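The primary structure of each chain is shown beneath.
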Amino acid sequence: MTDRIGDTPPTWRAQTNLVRGGTRRSEFNETCEALYMTSGYVYGSAEEAEAAFKGDLSRFVYSRYANPTVAMFEERMCLLEGAEDARAVGSGMAAVFAALLCQLRAGDRVVAARALFGSCHFIIAELLPRWGIETVFVDGGDLDQWRDALARPTQAVFFESPANPTTEVIDMAAICALAHEAGARVVVDNVFATPLLQRPMDHGADVVVYSATKHIDGQGRALGGIVLADKAFIDDHLQAFLRHTGPSLSPFNAWLLLKGLETMDLRVARHCENALAVARFLESRPEVRRVLYPGLASHPQHNLALSQMTAGGSVLALEIAGGKAGAFRALNRLRLIDISNNLGDAKSLITHPATTTHQRLPEEDRARLGIGPGLLRLSVGLEDVADIREDLAQALDTAA
Ligand SMILES: *Cc1c(COP(=O)(O)O)cnc(C)c1O
């Protein structure tokens, strides 16, 4: 975003902003947000180009820096998150990487929850130490471990809540308070909750990142990511990092993501409704040892989850009796639910984390995270919930 664009009345409510927030119409008065597939912009004079590069003139200069369609997406996301500013990038991982690396340098220290999406874990466990940044992992649900780890000066704290794939929930207000005492900025990967169910900044988070690939697109079409923060963080850290390293979001993907936002509220509400019904159904099945879903009363952090989120989300984990063989048998018998490692999609998708998203982790690390050989992660889609239930039932029947 160059400057705030569009004129969005401050009185608009969330659902109106999802449909209209940040829109800037061109001289052609199009209804739908315009798709500006352009890498560059032209200047009326040499003086204008000079002024633009000096920063005296606020305008679009080059689409690696900013683009009008991408800016509409950023503005709409700021309105939704209640954030001062944002930068969109080409994927969720580009957002995580940039949000951390733009603020860190050799000698810094990062504390993170152990339960993370595989690639987030790679950045923190492998890349940061390679560049002289100390990283410390804690069990996210254990406040004492956070307290110990944050007893020393720290520059950044990172976690997902709920975490992928076991839906571990982090006490955001408590961890943010400890982090701030240690001098750290808190970066939250809020993919599982979406900005509709949970706003980490309301609980003290400084930076929020999304894989827009998930519920924001929500229809399996496009990769995207975004980093939201206050203006000072964007101006002092993120802006230059992104400009000069270039993980830009395509205007075409930004346009798809804008379309995704228009219906996200409806989709996420249905996702949550379907996921809760499926979680309850799975709990009743003898072939299923354990169901982890923040919206279930049996979730170990159910009360904490619902104090931070307005619903349980779209993703649940289930542990099948019979280990890997039992889990694979069930997967291979599904007819409607697809085997896929994506999530937040209109289509129900299921994956076996131990051999896919988390296969890179050593087995003892997986065991510690509760990612056993029988664990499956199910992203509940928007199909008729009776069809989803029937598909699971027939797969479990024949797999047993
Ligand atoms: C998918 C995911 C990411 C990565 O997003 P991409 O858009 O695939 O790069 C990061 N964090 C979490 C929690 C995710 O689920």
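Above: the structure in question.
Below is a short write-up of the structure. (Residues numbered from 1 in each chain as written. Predicted model: local features only at pLDDT ≥ 70, side-chain atom pairs only at ≥ 80, totals over all residues. Heavy atoms only, no water.)

**As for unusual backbone geometry**
Omega for the peptide link from Ser 161 to Pro 162 comes to -5°, which places this bond in the cis form. One can find Pro 162 in the loop between strand 4 (156-160) and helix 7 (172-181). For the bond running from Asn 164 to Pro 165, omega is 0°, close enough to zero to count as cis. Considering the arrangement of structural elements, one finds Pro 165 in the loop between strand 4 and helix 7. Of note in this structure, Asn 29 is not a glycine but carries a positive phi near 55°. With respect to the helices and strands, Asn 29 occurs in the loop between helix 1 (14-20) and helix 2 (46-54). Here the phi dihedral of Thr 194 falls at roughly 65°; this positive angle occurs in a residue that is not glycine. The residue Thr 194 is located in helix 8 (residues 194-197) in this model. Given the relative accessible area of 2%, Thr 194 is considered buried. (Helix = DSSP H or I, 4+ residues; strand = E, 2+ residues; numbered from the N terminus. Buried < 20%, exposed > 50% of the residue type's maximum accessible area, 1.4 Å probe, protein only.)

**Topic: the sheet that holds strand 7 (residues 225-229)**
Reading across from one edge, 1-7-6-5-4-2-3 is the order of the 7 strands in this open sheet, with mixed pairing throughout. A strand with exactly one partner marks an edge of an open sheet, and here the two such strands are strand 1 (85-89) and strand 3 (134-138). This sheet shows a mean twist of 20° between the axes of neighbouring strands, independent of strand direction. In the sheet, strand 1 pairs with strand 7 via 5 bridges, with the strands oriented antiparallel. Across the sheet, residue Ala 86 finds its bridge partner in strand 7, namely Leu 228. The strands touched by helix 3 (residues 68-81) are strand 1, strand 6 (207-211) and strand 7; relative to strand 1, the strand with the most contacts, the crossing angle is about 130°. (Pairing = 2+ DSSP bridges. Axes fitted to C-alpha atoms, helices over the stretch in contact; angles between N-to-C directions. Contact = heavy atoms within 4.5 Å.)

**What to know about the state of the cysteines**
Across all of its chains, the model carries 0 disulfides by this definition. Cysteine Cys 102 shares no disulfide, and the gap to the nearest cysteine sulfur, in Cys 120, comes to 15 Å. What makes Cys 120 buried here is its relative accessible area of 1%. (Disulfide = S-S within 2.5 Å.)

**Considering the site of the ligand**
Taken together, 14 residues lie near the ligand, and Gly 92, Asp 189, Ser 211, Thr 213 and Lys 214 sit nearest. In this structure, Ser 211 approaches the ligand through a side-chain N or O atom, which is 2.7 Å from an oxygen atom. A distance of 2.8 Å separates an oxygen atom of the ligand from a polar side-chain atom of Lys 214. Within the residue set of the shell around the ligand, elements represented by two or more residues are helix 4 (92-101) and helix 9 (213-217). (Near = heavy atom within 4 Å. Polar contact = N/O pair within 3.5 Å; in protein donor to acceptor, adjacent residues only side chain to side chain.)

**As for the environment of Ala 115**
In this fold, Ala 115 is placed in the loop between strand 2 (109-113) and helix 5 (118-130). For Ala 115, a relative accessible area of 4% translates into the label buried.

**What to know about the packing of aromatic side chains**
Applying the stated criterion across every chain yields a total of 6 aromatic pairs. Following the ring pairs from residue to residue traces out a cluster consisting of Phe 97, Trp 131 and Phe 241. Between the NZ or CZ atom of Arg 243 and the centre of the ring of Tyr 65, over which it lies, the distance is 3.8 Å. (Phe/Tyr/Trp six-rings, centres within 6.5 Å; stacked < 30°, edge-to-face > 60°. Lys NZ or Arg CZ within 6 Å of the ring centre and 35° of its normal.)

**Let's talk about the packing of helix 4 against helix 5**
Across the interface, helix 4 lies against helix 5 with an axial gap of 10 Å and an inter-helix angle of 35°. In terms of crossing hand, the pair formed by helix 4 and helix 5 is right-handed. From helix 4, Met 93, Val 96, Phe 97, Leu 100 and Leu 101 reach across to helix 5, where they touch Ser 119, Cys 120, Ile 123, Ile 124, Leu 127 and Leu 128. A breakdown of the residues in the contact of helix 4 with helix 5 according to their chemical character gives 10 nonpolar, 1 polar and no charged. (Left-handed = near helix turned anticlockwise from the far one by under 90°. Nonpolar A, V, L, I, M, F, W, Y, C, P; charged D, E, K, R; others polar.)

**Details of the pairing of strand 2**
By the criterion of burial, strand 2 is predominantly enclosed, with 5 of the 5 residues buried. As defined by bridge partners, strand 2 adjoins strand 3 across 5 bridges and the pair is classed as parallel. Bridge pairing links Ala 112 to Phe 137 in strand 3. Regarding the hand of the β-α-β motif, the stretch spanning strand 2, helix 5 and strand 3 is right-handed. Where strand 2 lies against strand 4, 3 bridges are found, and the strand directions are parallel. Following the sheet pairing, Ala 112 is matched in strand 4 by Phe 158. (Right-handed = clockwise from strand over helix to strand, strands pointing away.)

**As for the environment of Ala 321**
Relative to the assigned elements, Ala 321 resides in the loop between strand 9 (315-320) and helix 13 (323-333). Exposure remark for Ala 321: the relative accessible area of 32% places this residue in the partly exposed category. Sequence-wise, Ala 321 and Arg 289 are 32 residues apart; in three dimensions their C-alpha atoms are separated by 5.9 Å. With residues up to four places along the chain from it excluded, the contact list for Ala 321 reads Glu 287, Arg 289 and Gly 326.

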